[in-house]
Amino acid sequence: MTDSKYFTTTKKGEIFELKAELNSDKKEKKKEAVKKVIASMTVGKDVSALFPDVVNCMQTDNLELKKLVYLYLMNYAKSQPDMAIMAVNTFVKDCEDPNPLIRALAVRTMGCIRVDKITEYLCEPLRKCLKDEDPYVRKTAAVCVAKLHDINAQLVEDQGFLDTLKDLISDSNPMVVANAVAALSEIAESHPSSNLLDLNPQSINKLLTALNECTEWGQIFILDCLANYTPKDDREAQSICERVTPRLSHANSAVVLSAVKVLMKFMEMLSKDLDYYGTLLKKLAPPLVTLLSAEPELQYVALRNINLIVQKRPEILKHEMKVFFVKYNDPIYVKLEKLDIMIRLASQANIAQVLAELKEYATEVDVDFVRKAVRAIGRCAIKVEQSAERCVSTLLDLIQTKVNYVVQEAIVVIKDIFRKYPNKYESVIATLCENLDSLDEPEARAAMIWIVGEYAERIDNADELLESFLEGFHDESTQVQLQLLTAIVKLFLKKPTETQELVQQVLSLATQDSDNPDLRDRGYIYWRLLSTDPVAAKEVVLAEKPLISEETDLIEPTLLDELICYIGTLASVYHKPPSAFVEGGRGVVHKSLPPRTASSESTESPETAPAGAPSGEQPDVIPTQGDLLGDLLNLDLGPPVSGPPLATSSVQMGAVDLLGGGLDSLIGGPNFVAPPAAAVPANLGASMGSGLSDLFDLTSGVGTLSGSYVAPKAVWLPAMKAKGLEISGTFTRQVGSISMDLQLTNKALQVMTDFAIQFNRNSFGLAPAAPLQVHAPLSPNQTVEISLPLNTVGSVMKMEPLNNLQVAVKNNIDVFYFSTLYPLHILFVEDGKMDRQMFLATWKDIPNENEAQFQIRDCPLNAEAVSSRLQSSNIFTVAKRNVEGQDMLYQSLKLTNGIWVLAELRIQPGNPSFMFILRASTSGEGSQAGSTLPAQSPTRGLIP
């Protein structure tokens, strides 16, 4: 007879009968009574009144009865905490039972009773079970530690259970290892700062050994733990990948996805040149394809994860397009997901079969699927340029079917194709206009209106078409109203004489009759633009539009990297980080892919290397010297190193041993050469735009008798933007004084007077040291040159970029604003030569990561000429030495705000390319700057 009989009773007075049966001397009767109690509890009846009687039944050797009593105890202990203490002695006793099943049952139940009062009594039994001789008991005890930590974290830490748990990672039994990892991971997630899983190569090796012998859920725990480890180099990453790869052939899809997650993370550290990298890509495809033969629900989860993988590494599945072709019996959610992945994998090689498939889908009966298929054809046209013509032809065929929703979707995507390929497929506009009357969806109507407005000059009856939309203006959706307003203004600017009434009508409808603030505001802007400056209106409204990107729905790269770390979890299905859907901050850890190692970075272009710039500072915060230094050294002031260091140099770039026999010899040694005597100051310096070239090509600039090179004046404020006032200028530094040399030209028809100038707060406190003196009124077509002295005692605010200067100039007509970039060499002070001993100490104190390197090309000068010319712009040579025929100049400069920049310039005689290495400090006293290192040279305009 089955146990269903226990659920059918509805007798009154049942509790009293059960109480009597529970206290019976007969074991069978007692067991039957406990089963009835559990049945009543299961169907929702309150049997808590029987708590003491059920607890009395714990004292039994019958394993089945003991399990039932423990089940009851877990359910009611929280509502009866005082009585739950009665069970403690039995737990202690059961934890020493000779039967390991009973010991494990006791420790499992202990972990499930969430009552603070009895947790401290459970510590000793748990400690014994963690060191039990039977692995089944140990693995159960490991999970119990995590449960106890959730109830009372402090108690677990004080009792040393976490250390015991860490020791279990080295256990001989793989299931114990897996449960210990699971427990530690659970605790670590709720306490991210605890660093419990302090993984190292030795512990990783133990986990990988246990991986092969675990149950499938144990393997998932271990793989998830491995995914949180960052290998020390690419060799270790490859070794782990080789040992994880066999998990890809596991029958459990969760194990497969966890293995894929580990491999996707560690592939970041592998060089693409490695043979193993290509092998790994090939091995990843079959298991992902196999997942698509499971039930629809599993297929959907697999497809959502594959979507992420394809965005990160499309090469994995580039030959598996046919797997994603839709089957007739696929549920709609699987169909739509497959369609999305098909577009992501579309390329010139497979576009023909993709388009044939999509055209077939567009004739299906499922409306949502057909719409998505038509949009997919448009996305193919945008993604694969060679297929655009074929895609447009396919869309026109679909429009000819006259199926309403197909026509409307086709018009929406053709609008995007026009944006991607201007002046190429506009011949289809006539066909589109034929279907104007059938459009009833806002997005399709808006797209058609955009097309009519954008190409109004090619459509003879454009005004009639737009006027037909205008008749029901107030019944249209906001999207259509906004598009109609813009389209009619475009039409007016193209055909002003024919459409004046139409534009007045739409502006009146948008501004006076509409309640929508967006529509009203746009209407007023257009009205004012058209009434005050039609030329400006034309420039704004008919401006050339940027081409739309190939993939507008790609996940943002940083988020994608985080989601790759969550493959096989809910985050990978939602395509959202856990913080977006897990309530509260507990248990949510932001993850990211490991950084590439040096060997793997060698395959990337130098432009993709991450700069060491600090980020996140707000521009309105007054910066510290350290903040300014970080941004100063990250200015885009010259080309980055795009090639290797000079082959003849014995010193390697990057990890240079600057202190071993190198820099120390600055203060005297067999190769030491004293720097040349200070040369007569030469003309030196440059504008920011001139790169690192002007110092050694003085003919392109304007010389001064005593001071730096001065770049030719550039137009800072054109006359058309300043009502006829044109301002050109440049910056100079002469004998310690900074000045702004201005040239004011009056190109207006009236006299200009009452000039004044003011600077906004800037990074180095530049400010006028005297008023702007224009001694006589500036007549039309007259030009005057003025030198405005500057100082660096003004208000400081960090700008973006750092050397940006915002200027306001006032005259009797108006106030005009412009911004310019000043060359940094005007800030180099005359006392910037550092003592050799101090240079050595400071260079040593600045960490290697605070270093930037640049290659200076096409400079024919030798070391002495370079040193002389740099010194005339206050870049001083502290020492010079020769290493294997290569001249090495060590130089220092100091900015007006006290920031020191130290440099090493490597010159190979006869080679026109120099290597320039920078380090920086906020102090000249041997202390290091608390900021990041240069991404570019601060001496732009000074070195070729």
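Residues numbered from 1 in each chain as written. Predicted model: local features only at pLDDT ≥ 70, side-chain atom pairs only at ≥ 80, totals over all residues. Heavy atoms only, no water.

Caption draft 1: Highlighting the overall build of the chain. Broken down by element type, the chain carries 37 helices and 14 strands. Across the chain, contacts joining residues at least 24 apart in sequence account for 68% of those joining residues at least 6 apart. Surface accessibility of the chain: about 42800 Å² in total, with carbon and sulfur atoms responsible for 51%. (Helix = DSSP H or I, 4+ residues; strand = E, 2+ residues; numbered from the N terminus. Contact = heavy atoms within 4.5 Å. Areas by Shrake-Rupley, 256 points an atom, 1.4 Å probe, with all protein chains shown as cover.)

Caption draft 2: Inspection of the packing of aromatic side chains at higher detail. The tally for this structure, following the rule as stated, stands at 13 aromatic pairs. Arranged with centres 4.8 Å apart and planes meeting at 90°, the rings of Tyr 574 and Phe 581 form a pair that is edge-to-face. Under the relative-accessibility criterion, Tyr 574 is labelled partly exposed at 42%. Overall, Phe 581 belongs to the partly exposed group, its relative accessible area being 29%. (Phe/Tyr/Trp six-rings, centres within 6.5 Å; stacked < 30°, edge-to-face > 60°. Buried < 20%, exposed > 50% of the residue type's maximum accessible area, 1.4 Å probe, protein only.)

Caption draft 3: Examining the sheet that holds strand E9 (residues 815-821) more closely. With antiparallel pairing, three strands are arranged side by side in an open sheet as E5-E8-E9. Unpaired on one side and paired on the other, strand E5 (756-759) and E9 mark the two borders of the sheet. For this sheet, the mean inter-axis angle between neighbouring strands, taken without regard to orientation, is 25°. Pairing geometry for strand E8 (residues 804-810) and E9, over seven bridges, is antiparallel. Bridged to Lys 810 within E9 is Val 815. (Pairing = 2+ DSSP bridges. Axes fitted to C-alpha atoms, helices over the stretch in contact; angles between N-to-C directions.)

Caption draft 4: Seen up close, the sheet that holds strand E6 (residues 767-768). Read from one edge of the open sheet, five strands run E2-E3-E4-E7-E6, paired in antiparallel fashion. The sheet is open, and its two borders are formed by strand E2 (714-717) and E6, each paired with just one other strand. In this sheet, strand E4 (residues 737-746) lies alongside strand E3 (residues 725-734) in antiparallel orientation, the contact comprising ten bridges. Directly across from Phe 731, in E4, lies its bridge partner Met 740.

Caption draft 5: Examining helix H14 (residues 201-211) more closely. Looking at H14, one finds that the buried residues are Ser 203, Ile 204, Leu 207, Leu 208, Ala 210 and Leu 211. When H14 is viewed along its axis, its buried side chains cluster within an angular range of 160° and face the same direction. Against helix H13 (174-190), helix H15 (216-227) and helix H16 (234-244) lie the buried residues of H14. (Arc of directions from axis to C-beta.)

Caption draft 6: Structural context of the environment of Pro 125. Here Pro 125 is to be found in helix H9 (residues 123-130). Judged by its relative accessible area of 4%, Pro 125 falls in the buried class. For the pair Pro 125 and Arg 103, spaced 22 residues apart in sequence, the C-alpha to C-alpha distance is 9.4 Å.

Caption draft 7: Structural view of the environment of Val 55. Following the sequence through the fold, Val 55 ends up in helix H3 (residues 51-56). A C-alpha to C-alpha distance of 8.8 Å links Val 55 and Tyr 72, two positions 17 residues apart in sequence. In contact with Val 55, not counting residues within four places along its chain, are Leu 73 and Met 86.

Caption draft 8: A look at the packing of H13 against H15. At a minimum axis separation of 8 Å, H13 and H15 run at an interaxial angle of 50°. Between H13 and H15, the angle is such that the two are oblique. As for the relative orientation of H13 and H15, their crossing is left-handed in sense. Only Gly 218, Phe 221, Ile 222 and Cys 225 of H15 make contact with H13, whose side of the interface consists of Ala 178, Val 181, Ala 182 and Ser 185. A breakdown of the residues in the contact of H13 with H15 according to their chemical character gives six nonpolar, two polar and no charged. (Parallel < 35°, antiparallel > 145°, perpendicular 65-115°, else oblique. Left-handed = near helix turned anticlockwise from the far one by under 90°. Nonpolar A, V, L, I, M, F, W, Y, C, P; charged D, E, K, R; others polar.)

Caption draft 9: Examining the packing of helix H17 (residues 253-266) against helix H18 (residues 275-291) more closely. At a minimum axis distance of 11 Å, the contact between H17 and H18 shows a crossing angle of 150°. What the angle tells us is that H17 and H18 run roughly antiparallel. Considering the relative orientation of H17 and H18, their crossing is left-handed. Note on element contacts: H18 touches H17 through Leu 280, Leu 284, Pro 287, Leu 288 and Leu 291, opposite Ser 253, Val 256, Leu 257, Val 260 and Leu 263. Partitioning the contact of H17 with H18 into residue classes produces nine nonpolar, one polar and no charged.

Caption draft 10: Here's a closer look at the nonpolar core. Ranked by size, the top nonpolar core spans 209 residues in total, and within it Tyr 72, Phe 91, Leu 126, Leu 207, Leu 358 and Phe 418 carry the most contacts. Look past the residues within four positions of Leu 126 in its chain and what remains in contact with it is Val 107, Met 110, Ala 141, Cys 144, Val 145, Leu 148 and Phe 161. Counting residues in hydrophobic clusters, the runner-up holds 54 residues, among them Met 752, Phe 816, Val 866 and Leu 870. (Core = buried A, V, L, I, M, F, W, Y, C linked by side-chain atoms within 4.5 Å.)

Caption draft 11: Geometry of the side chain of Glu 337. Position of Glu 337 among the secondary structure elements: in helix H20 (residues 332-345). In this structure Glu 337 comes out as buried when scored by relative accessible area, which is 7%.

Caption draft 12: View of H15. Compared with an ideal rise of 1.5 Å per residue, which puts twelve residues at 16 Å, H15 spans 17 Å between its outermost C-alpha atoms and is within 8% of the ideal. Those residues of H15 that sit buried are Gly 218, Gln 219, Ile 220, Ile 222, Leu 223, Cys 225, Leu 226 and Ala 227. (Expected span 1.5 Å × (residues − 1).)

Caption draft 13: Expanded view of unusual backbone geometry. With an omega of 0°, the peptide bond running from Glu 800 to Pro 801 counts as cis. Mapping Pro 801 onto the fold places it in the loop between strand E7 (783-791) and E8. At Lys 723, a position not held by glycine, the phi torsion is positive, near 50°. Looking at where Lys 723 falls in the secondary structure, it is placed in the loop between E2 and E3. Relative accessible area serves as the criterion here: at 52%, Lys 723 is assigned to the exposed category.

Caption draft 14: Expanded view of a negative patch on the surface. Taken together, Glu 464, Glu 467, Glu 471 and Glu 501 make up a surface patch of like negative charges. On the secondary structure map, Glu 464 appears in helix H27 (residues 462-470). (Patch = residues over 30% accessible without salt bridge, like charges linked within 9 Å, V, L, I, M, F, W, Y side chains within 5 Å. Salt bridge = Lys/Arg side-chain N within 4 Å of Asp/Glu carboxyl O. Lys, Arg positive; Asp, Glu negative; His and termini not counted. Charge placed at Lys NZ, Arg CZ, Asp CG, Glu CD.)

Caption draft 15: Layout of the pairing of strand E12 (residues 886-894). When you tally the buried positions in E12, you get nine out of nine residues, the bulk of the element. Looking at chain direction, E12 and strand E13 (residues 900-907) are connected through eight bridges and run antiparallel. Bridge pairing in E13 links Lys 894 to Trp 900. Here E12 folds back onto E13, and the loop between the two strands holds five residues, one of which, Gly 898, carries a positive phi near 95°.

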